[in-house]
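Descriptive analysis of the structure
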Amino acid sequence: MTIKIDNLQGFKSMLFIRVLFQLPSLLVLLLIVTIAQAGESSKKIIVDKTECNDGLDNDGDGYIDYAFDLGCYGPSDISEHSSDRSTENGWTTFDKPPSTLIYYISTDGNDENTGLSPLDPFATFEQARKLLLRKKRGWVLFKRGDIFDFLVDLTNIHGESKANPILISSYGHSLERPIFNNKISAIKSSSNIYIIGLHTKVTKPSASNSHFSGVRFVGSHMNISLEDNRVDYGQVIFQRYGDDAVLKNISIRRNIISRAYSMDSHAQGLFVSGADNLLINQNFFDHNGWLVQSSSHGREHDRAQATIFNHNMYINGSSNIAIHDNLIFRASSMGIKMRSDKQGLSQNISIKRNIFYEGEIGVGIGGNTSEKFRFVNAAVEGNVFLSLGSGKPTNRNISWPIAAKDIRGLKVSNNIIAHQEQHKGSYALKMTKSIEDAVIKNNIVYGVDEVGFILNNDNWRNISFEDNIIHDSKHSQSKAIITSGSLEGLEFINNKTFLWRKNDNWLESLFLSIKRLTTHRDYFSEYTDQGLEFVEAMGFRAPNRDLQSYFEQFNNSIEDKDIMDSIIKNRSRFLWNEKYTAESISKYISDGFELNSQE
């Protein structure tokens, strides 16, 4: 059996592991992994003995353990055979097809080498690129822990098929992703490419540094997947460009995209334009679009100030979109900006189970133009919005979790919107202009300092508000709902509100629980008969739970920087901790809003 290793030190470690496993009493394996980056101490992880850490070629493909066999997602994987994500801890794994060659790249390599072994690697990507262009199949693996300065140019690289893609990933015993001080980029065209476990960054970023790394696909691209990558100080861009261009089947899963900014232009964490079938799932977006707080109310970008034009995600003119289970933190302005400039251009948008923290706007669907029904079938469901506006990145005093306009077919349900107390310019949901066929249901709004729902339109059509709760958390002058224009087409069923102070203009302060009424005079006449009183303060279990109290359970420090660092450290294939996911945070917050129980 051939043992594929990256260096003699790795070989000695492998022999040591195999000797250890001859001891029958050994229950766990202590893997001591040397971090390749200078100045960092060794990292230790304890895992059960499995096929992916036992020093054996268990599947007979000639590749051993997580270091070299991509059937393993990490050292804790139980099998070297690839399987579906449900049995691979949510990760994508691969078994190498017999006819596929693997090209290895290391800073210790040489482009005169064959590149076909970890002992004989290339030094640059260009050598592997030439072979990929000719063969349309192959894997390219960069040594983990190494730092590369060259461009990874995937222009005109096409994998054989979606089932047999070009794989760009990593190898070696280190747990640190290989670092690229440059872009991963494809211009013109590419297809059937999977990029796993890479890290692009600027090694020494500063306010005067306007050269950014990142990932960029511009032109015509199909079946492109990003998974377990980390992008610091750079943008991820997928942009359809060209008359006959196609941007389709784009998957962005479990990546870290943080701190993108620019000194001389707009900057987004993720920018997508013209895509069909877009998946954005289980990623961590943080502090994108800005370096420093604005001194100009979000209008100027010098010194990389936060602006109203920069966001964690900017999705333009795209359809069949699933944005699910992401952590979306501290955006310059919006967590998610959805744009569409033509009627019906963007269809089937699903924004579910995400955690939004700070920034100033959570989800913005609409804006930029005034054409009707530019969006068709949009759902914002099961999300948690926490402390929006508290960081004041643009120095505007606003906190807007959900803003929607020009939509046919809207569902806003089962969201929790909490802790907006410090903002006079705050609301939970704003619906304006052309919206029809909408259901607003089972949402909890807690601690809004200004208005629960703002409804501005003269021509509502089939809009239903059901079983929502708007609950003030302090003595303020909050209003449950503000309306303008006609009330025809609005229906309110079984909604509840608790406000510390009832505004004299009850049309602006009372959330109604009656069915269709057509004029303001009807509201007045029905006020007493319908029993439109405020409810008593509701017995939520622990409504003051927030991001800080959640992480206080695991960390000594609850400063934002320490929280974000802890999330980053626990979100890779090798070190994935469910405590640092949207699902776990959402459960903690949601449990706090259970009724009739005590903390």
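The structure we're discussing is the one just above.
I will try to describe carefully the structure that is included in this document. (Residues numbered from 1 in each chain as written. Predicted model: local features only at pLDDT ≥ 70, side-chain atom pairs only at ≥ 80, totals over all residues. Heavy atoms only, no water.)

1. Details of the overall build of the protein chain
Looking only at helices and strands, the protein chain features eight helices and 38 strands. Looking at the protein chain residue by residue over its 599 residues, the buried ones come to 59%. A separation of at least 24 residues holds for 73% of the contacts in the protein chain among residues at least 6 apart in sequence. Roughly 24,300 Å² of accessible area belongs to the protein chain as shown, and the carbon and sulfur atoms make up 48% of that amount. (Helix = DSSP H or I, 4+ residues; strand = E, 2+ residues; numbered from the N terminus. Buried < 20%, exposed > 50% of the residue type's maximum accessible area, 1.4 Å probe, protein only. Contact = heavy atoms within 4.5 Å. Areas by Shrake-Rupley, 256 points an atom, 1.4 Å probe, with all protein chains shown as cover.)

2. Here's the deal with the side chain of Thr-307
Mapped onto the fold, Thr-307 is located in the loop between strand E19 (284-286) and strand E20 (311-316). Side chain to side chain, Thr-307 and Asn-310 meet in a polar contact 3.4 Å long. (Polar contact = N/O pair within 3.5 Å; in protein donor to acceptor, adjacent residues only side chain to side chain.)

3. A short note on the packing of aromatic side chains
Counted by the stated rule, this structure contains 31 aromatic pairs. Aromatic side chains Phe-142 and Phe-180 sit 4.8 Å apart centroid to centroid with 90° between the ring planes, which places their arrangement in the edge-to-face category. Of this pair, Phe-142 sits in strand E4 (residues 139-143) while Phe-180 sits in strand E9 (residues 179-180); the two residues are 38 residues apart in sequence, bridging distant segments of the chain. With respect to class, Phe-142 is no different from Phe-180; both count as buried. Aromatic side chains Phe-554 and Tyr-580 sit 6.3 Å apart centroid to centroid with 45° between the ring planes, which places their arrangement in the tilted category. Here the residue Phe-554 occupies a position in the loop between helix H6 (547-552) and helix H7 (560-569), and Tyr-580 occupies one in the loop between H7 and helix H8 (582-592), the gap between them amounting to 26 residues. (Phe/Tyr/Trp six-rings, centres within 6.5 Å; stacked < 30°, edge-to-face > 60°.)

4. Some details on H8
Turning to H8, its buried residues are Ala-582, Ile-585, Ser-586, Tyr-588, Ile-589, Asp-591 and Gly-592. Of the surrounding elements, those touching the buried residues of H8 are strand E22 (327-329), strand E25 (355-357), strand E28 (384-386), strand E30 (416-420) and H6.

5. A word on the pattern of salt bridges
Charged atoms that come close allow side chains of opposite charge to pair. Counted by the stated rule, this structure contains 20 salt bridges. Between Glu-227 and Arg-253 there is a salt bridge, and its shortest N-O distance comes to 2.6 Å. Taken as a pair, Glu-227 in strand E12 (residues 214-227) and Arg-253 in strand E15 (residues 247-253) lie far apart in primary sequence, 26 residues in all. Accessibility assignment for this pair places Glu-227 and Arg-253 in one class, buried. (Salt bridge = Lys/Arg side-chain N within 4 Å of Asp/Glu carboxyl O.)

6. Observations regarding the side chain of Asn-326
Here Asn-326 shows up in the loop between strand E21 (319-324) and E22. For Asn-326, the side chain forms a polar contact with the main-chain oxygen of His-324, separated by 3.0 Å. In contact with Asn-326, other than residues within four places in its own chain, are Ile-280, Asn-281, Gln-282, Asn-283, Phe-285, Arg-353, Asn-354, Ile-355 and Ala-582.

7. Thoughts on the nonpolar core
Counting residues in each nonpolar core, the largest one holds 81 residues, and the members touching the most others are Phe-125, Phe-142, Leu-154, Ile-168, Phe-238 and Met-431. With six residues, the single largest contributor to this core is strand E31 (residues 425-441). Those residues within four positions of Phe-125 in sequence are excluded, and the remaining contacts are Ile-105, Leu-132, Val-140, Phe-142, Phe-150, Leu-151, Val-152, Asp-153, Leu-154 and Ile-168. In terms of nonpolar packing, the next biggest core, distinct from the first, is built from 28 residues, Tyr-357, Tyr-446, Met-564 and Phe-593 among them. (Core = buried A, V, L, I, M, F, W, Y, C linked by side-chain atoms within 4.5 Å.)

8. Structural notes on the pairing of strand E34 (residues 461-466)
Judged from the five bridges that link them, E31 and E34 form a sheet pairing that is parallel. Counterpart to Ala-438 in the pairing with E34 is Ile-463. As defined by bridge partners, E34 adjoins strand E37 (residues 490-493) across four bridges and the pair is classed as parallel. Its bridge partner being in E37, Ser-464 is matched across the sheet by Glu-491. (Pairing = 2+ DSSP bridges.)

9. Points about unusual backbone geometry
Even without being a glycine, Asp-65 presents a positive backbone phi close to 65°. Along the chain, Asp-65 turns up in helix H2 (residues 65-68). The phi torsion at His-419 lies on the positive side, around 65°, for a residue other than glycine. Looking at the element boundaries, His-419 is found in strand E30.

10. Here's the deal with the environment of Gly-389
With respect to the element layout, Gly-389 can be found in the loop between E28 and strand E29 (398-413). A relative accessible area of 1% places Gly-389 in the buried class. Spatially, the C-alpha atoms of Gly-389 and His-419 are 9.7 Å apart, while their sequence positions differ by 30 residues.

11. Re the pairing of strand E3 (residues 102-105)
Neither face of E3 is left uncovered, since the one carrying Ile-102 and Tyr-104 and the one carrying Tyr-103 and Ile-105 both have all their residues buried. Judged from the four bridges that link them, E3 and E4 form a sheet pairing that is parallel. Its bridge partner being in E4, Tyr-103 is matched across the sheet by Val-140.

12. Re the environment of Asp-232
Mapped onto the elements of the fold, Asp-232 is located in strand E13 (residues 230-232). Classification of Asp-232 by relative accessible area gives buried; the value is 1%. In this structure, the C-alpha to C-alpha distance between Asp-232 and Asp-286, residues 54 residues apart in sequence, is 9.8 Å. Residues within four places of Asp-232 in sequence aside, it is in contact with His-199, Thr-200, Lys-201, Val-202, Ser-213, Ser-258 and Arg-259. A polar atom in the side chain of Asp-232 sits 2.9 Å from the side chain of Arg-230.

13. Quick notes on H7
Along H7, the positions that sit buried rather than exposed are Asp-560, Ile-563, Met-564, Ser-566, Ile-567 and Ile-568. The secondary structure elements touched by the buried residues of H7 are E13, strand E16 (256-258), E19, E22, E25 and H6.

What is shown is where atoms sit, not what they do.
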